[in-house]
Amino acid sequence: MPNKPVLRIGLIGTGFMGKAHVFGFASAPKVFDLPFDIELHTVADVTEEVAARAAADFGFANSTSDWRSLIANADIDVIDITAPNALHKEMALAAIAAGKHVYCEKPLAPLASDAREMAQAATARGVKTQVGFNYLCNPMLRLAKKMIADGELGEIRGYRGLHAEDYMVDASGAFTFRHDPAGGGALADIGSHALATAEFLLGPITEVMGDCITMIGERPDGKGGTRKVEVDDVGRAFVRFANGAQGSVEGNWIATGRKMQHDFEVYGTEGALHYSQERFNELHFYSNRDPAGRRGFRKIEAAPDHEPYGRFCVAPGHQLGFNDLKAIEVAGYIHAIAGTIEEPFGFAAGLRIQTLVETIQRSSSTRQWISVPA
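Rules of the game
- Residues numbered from 1 in each chain as written.
- Predicted model: local features only at pLDDT ≥ 70, side-chain atom pairs only at ≥ 80, totals over all residues.
- Heavy atoms only, no water.
- Helix = DSSP H or I, 4+ residues; strand = E, 2+ residues; numbered from the N terminus.
- Expected span 1.5 Å × (residues − 1).
- Buried < 20%, exposed > 50% of the residue type's maximum accessible area, 1.4 Å probe, protein only.
- Arc of directions from axis to C-beta.
- Contact = heavy atoms within 4.5 Å.
- Disulfide = S-S within 2.5 Å.
- Pairing = 2+ DSSP bridges.
- Axes fitted to C-alpha atoms, helices over the stretch in contact; angles between N-to-C directions.
- Left-handed = near helix turned anticlockwise from the far one by under 90°.
- Nonpolar A, V, L, I, M, F, W, Y, C, P; charged D, E, K, R; others polar.
- 1 Å grid on protein atoms, 1.4 Å probe; cavity = no way out; pocket = protein on both sides within 12 Å on 5 of 7 lines; lining within 4 Å.
- Points joined across faces, edges and corners; volume = space filled by probe spheres on them.

Got a minute to help me understand helix α5 (residues 112–125) in this structure?
Because an α-helix packs 3.6 residues into every turn, residues spaced three or four apart end up facing the same way. The end-to-end C-alpha distance of α5 is 20 Å, a good match for the 20 Å that 14 residues give at a rise of 1.5 Å each. Regarding α5, the residues found buried are A112, D114, A115, M118, A119 and A122. All buried residues of α5 lie within an arc of 155° about the axis, which places them on one face of the element. Residues of α5 that are exposed and angled more than 90 degrees away from the buried face: Q120 and A124. Tucked into the core, α5 has its buried residues touching α4 (88–97), β6 (129–132) and α10 (347–366). Remark: G126 follows α5 within two positions and exhibits a positive phi of approximately 80°.

Structure below.
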């Protein structure tokens, strides 16, 4: 067979999410029939030493402490940004101006105005983009979406969505970039996943009533003092959907004991679904069509019948993992670059989530229902 064209990747940032992205790029070509071969070309980080170590650990051919030189490199096709949130805009705009495709971890930018500028620039330049919302790549979420669309639950009346973790529960934990008033807070950081899932399943949210709460008012600043915290530790919203359903969404990073509670419940006239990311190879379904005396939530277990599970494992019950979802996300993005599908979750979608977050925050300040801009 003729050799495939090569897609060369430049990665900026080598923390947890940088490593997860590398897993995705390394696994996707082995699991999927992709239109490109993947080359891990150059990695950039804060110092030459850190970057060189990451290159050796992750399998990149080159390393640098200068992310601008990485973007300027004519050999690189895709810029993958996993640097801190406040840097996303500058890096992405530079990459777009250089004609690179851009894969950016969420949130796309601290502010919706920034995200809008990034999305418009990508459209004008004609590059393909992707924002890291890989939970949506789970076959169980895709099954839930299909069941809802096919009417198996009847008319949808109610929804509950929650993303709760406990990584900020310790009040002695240091002030971090996640506490920056521009774009920080639990709603933006993890509630954004709950919002993305809600719209993925039920379609557009049209109105919100927000309630964003700061429970830990100050944190150590790392210099012997403290710094005031102005962002939310818990961000909640009542929501109304265009399809008539109503419900709630929450982001909470002080939920003691919760490590990855990305959960949802959907209630319809004929049935219901519930799901938890902590057991994300399972979807639970209740149907009013079951005979009396036989009704109850029954488990649907991920299996080769649920594409693309079978590409990873030929048997049910063996389960996908978080990094497998990243591989699915990467595969979709590479097909989008090739032009065979639309962007699965591009910068326009990232802008939509940031718009939802800021509308909820504004509603929390005004204590009023607010319509979500289209």
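Text resumes after the structure shown.
Where do I start with the state of the cysteines in this structure?
Two cysteines joined by a covalent bond between their sulfur atoms form a disulfide. Throughout the structure, instances matching the rule amount to zero disulfides. A disulfide-free cysteine, C137 has its sulfur positioned 16 Å from the sulfur of C104, the nearest such atom. The buried category is assigned to C137, whose relative accessible area is 9%. For the unlinked cysteine C313, the closest cysteine sulfur is that of C137, found at 19 Å.

How do you make sense of the sheet that holds strand β1 (residues 6–12) when you look at a structure like this?
The strands making up a sheet associate through hydrogen bonds between their backbones, and the pairing can be parallel or antiparallel. Pairing is parallel across the open sheet formed by six strands, whose spatial order is β3-β2-β1-β4-β5-β6. Sheet topology places β3 (62–64) and β6 at the edges, where each strand pairs with a single neighbour. Neighbour-to-neighbour, the strand axes of the sheet open up by a mean angle of 20°, direction not taken into account. Sheet topology note: the β1/strand β4 (residues 78–81) ladder contains four bridges and is parallel. The residue bridging I12 from the neighbouring strand is I81, located in β4. Taken strand by strand, α4 contacts β1, β4 and β5 (101–105), and its axis lies near 165° from that of β5.

What is the right way to read the environment of H306 from this model?
With respect to the helices and strands, the residue H306 is situated in the loop between β16 (298–301) and α8 (309–312). When its relative accessible area of 14% is taken as the criterion, H306 is described as buried. Considering only alpha carbons, one finds H306 and T214, 92 residues apart in sequence, at a separation of 40 Å. Each residue touching H306, except ones within four places of it in the same chain, is listed here: P139, M140, L143, I300 and E301.

Please clarify how the sheet that holds strand β13 (residues 261–268) should be interpreted in this entry.
A sheet is described by the order of its strands in space; here nine strands give the open sequence β16-β15-β14-β13-β7-β12-β11-β8-β17, paired in mixed fashion. Of all the strands in the sheet, the pair left with one neighbour each is β16 and β17 (370–371). Both β13 and strand β14 (residues 271–276) contribute to a ladder of five bridges, which runs antiparallel. Bridged to E265 within β14 is H274.

Which parts of the structure should I look at to understand the packing of helix α1 (residues 16–31) against helix α9 (residues 322–338)?
Two numbers describe a pair of packed helices, the interaxial angle and the distance between the axes. Between α1 and α9, the least distance of the axes is 8 Å, while the angle of their chain directions is 65°. You can see that α1 and α9 cross each other, and the crossing is right-handed. Residue-level contacts link F16, M17, A20, H21, F23, G24, F25, S27 and A28 of α1 to F322, N323, K326, A327, V330 and A331 of α9. Looking at the contact of α1 with α9 residue by residue, the classes come out as ten nonpolar, four polar and one charged.

Looking at this structure, how should I read the layout of surface pockets?
Which parts of space are left empty comes out when a probe the size of a water molecule is rolled across the atoms. By volume, the largest pocket amounts to about 760 Å³. Around the largest pocket sit 36 residues that line it, and F16, M17, T82, E105 and R178 are the ones nearest its centre. Going through the elements one at a time, α1, α4 and α7 (186–202) are the ones with two or more residues in the lining of the largest pocket. Grouping the constituent residues of the lining of the largest pocket by class yields 17 nonpolar, 13 polar and six charged. Considered as a void within the structure, the second largest pocket measures approximately 490 Å³ in volume. Around the second largest pocket, the lining comprises 23 residues; the ones closest to its centre are C137, R142, F200, P344 and F345. Secondary structure elements with two or more residues in the lining of the second largest pocket: α7, α9 and α10. The biggest single contributor to the lining of the second largest pocket is α9, with five residues.

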